[in-house]
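Take a look at the letters that make up each chain.
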Amino acid sequence: MSRDMSSSNQFSGQQAVHIGTGNFALSHIIPFYDKIGLDVQGISLRRGDTKKLLQDSDFDYTLAARDSLDFFEAEKVTALKSITNVPMKESNAPDDVIDAQRRQAIALIGDPKTAIVSMTVTINGYGFREDPTKREIDWETNSVVNKSRDATDPEAEKVPLSSKDSETTVAYITAGLNERMRNGAGPIVVMSLDNMPLNGTHLFRAVKEFALEHYGQELFEWMRSNTFFPDTMVDRIAPTRDEKMIDEFVEGTGIENTRESVVDITEKLPERSLVISLPEQAEIEVGQPLNPVFINHPVIQALTQLPGVEQSPYANLYSERKVHVFNGAHFGLAMVGRLANKEYAHEALNNPAIAGFTERLLRELSSGVDPLLADQNGAYIQEFIDRV
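Residues numbered from 1 in each chain as written. Predicted model: local features only at pLDDT ≥ 70, side-chain atom pairs only at ≥ 80, totals over all residues. Heavy atoms only, no water.

**Re unusual backbone geometry**
Phase 1: Located in the positive-phi region is Asp58, a residue other than glycine, with phi close to 55°.
Phase 2: Tracing the backbone shows Asp58 in the loop between helix H4 (49-54) and strand S3 (61-66).
Phase 3: Under the relative-accessibility criterion, Asp58 is labelled exposed at 58%.
Phase 4: Non-glycine residue Asn341 carries a positive phi angle of around 60°.
Phase 5: Tracing the backbone through its elements, the reader meets Asn341 in the loop between helix H12 (315-339) and helix H13 (345-349).
Phase 6: Overall, Asn341 belongs to the exposed group, its relative accessible area being 71%. (Helix = DSSP H or I, 4+ residues; strand = E, 2+ residues; numbered from the N terminus. Buried < 20%, exposed > 50% of the residue type's maximum accessible area, 1.4 Å probe, protein only.)

**Let's talk about the sheet that holds strand S12 (residues 309-311)**
Phase 1: On the basis of which strands lie adjacent, the open sheet formed by three strands has the order S9-S11-S12 and mixed pairing. Of all strands in the sheet, those bounded by a partner on one side alone are strand S9 (232-234) and S12. With strand direction ignored, the average angle separating the axes of adjacent strands in the sheet is 10°.
Phase 2: Pairing analysis gives three bridges linking S9 to strand S11 (residues 274-276), with the strands arranged antiparallel. By the bridge assignment for S11, Thr232 is matched with Ile276.
Phase 3: Sheet strands in contact with H12 are S9, S11 and S12, and its direction is about 35° off that of S9. (Pairing = 2+ DSSP bridges. Axes fitted to C-alpha atoms, helices over the stretch in contact; angles between N-to-C directions. Contact = heavy atoms within 4.5 Å.)

**Comments concerning the sheet that holds strand S8 (residues 227-228)**
Across a sheet, paired strands are connected by hydrogen bonds in the backbone, their directions being either parallel or antiparallel.
Phase 1: Taking strand neighbours across the sheet as the criterion, the six strands line up as S5-S2-S1-S6-S7-S8 in an open arrangement whose pairing is parallel. Of all strands in the sheet, those bounded by a partner on one side alone are strand S5 (80-85) and S8.
Phase 2: Bridge count for strand S2 (residues 39-44) against S5 is five bridges, and the pairing is parallel. In the sheet register, Val40 faces S5, and the bridge partner there is Leu80.
Phase 3: Where helix H6 (residues 169-183) meets the sheet, its contacts fall on strand S1 (15-19), strand S6 (114-119), strand S7 (188-192) and S8, and the angle it forms with S7 comes to roughly 175°.

This is the structure in structure tokens:
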């Protein structure tokens, strides 16, 4: 599916920033941004694998999808324009390189052209404490990024970012929001796309706590009027890069792309791949009426016009079901399949005993689904079997 030109014109001069440019982002949110004509600046806070893979093609790539019948379809994705790779502290990168990349990452979030920041960094990337039920910030991990940064101070650019500074998503987002406040860059959507119920709510609380601790009340008050942290449900199976499957796709289609441009073989787009919560649901966390700009935010409105994307008051219910039922059953199937020496999940399901175990597991996990979604359990179980 090519870019819609009206959407391209709509977002001319604007961009998205996405933190965590791994397989899932390449298969999920970046193609969505591509379809609405929104350019993407990537940030990687871990490894530089994706940058190395794509930089020779100017970050354009082909995303291939297959269904259970091995039918392939492909789309060219051109939205990704760059990846700022911030080397880890334990890397051998020189301090000045790490410092420059950190500043670049913060500047991208603070850029007035940035309309939305999204992220796929896994739960570990937020620096929460180990107790998954509390989602409390771990201060030993989340030491401040660039605490001394002050756009009004001519000497601020000379302040180095020491090795004590945090490498977590929360710290970078807070530093970027501080940059926006000082630059007068305006409102922004900050959207977590990680498999964590109430992901936006937990992220907002962590950034709020971090802002109050290291930047003060002024930044928090600015956040209350100028940010929207929606909760989301995300769903698309994006396995690790499979060289054998990529070879099969390239040989079977004969598309005019180099083999290296095919970054991933994923499943065809699920019917409900991205669900975004309503802005009014965030008002309780913010503690005041949300800025009206977020009620019909252009980027979110454009995304929800796409197949597979919707805005719903039930985003968190869908997320809980996805995490507990789909992910739980997928994990169980993978473990049993491995014991049976099966390479792929669909091969494991061809075994009657494993198929029976998986269906029983799905039904047991579905028994805990919220009553509002319980009438969909049978269809959801069948969807799992069809997709896997």
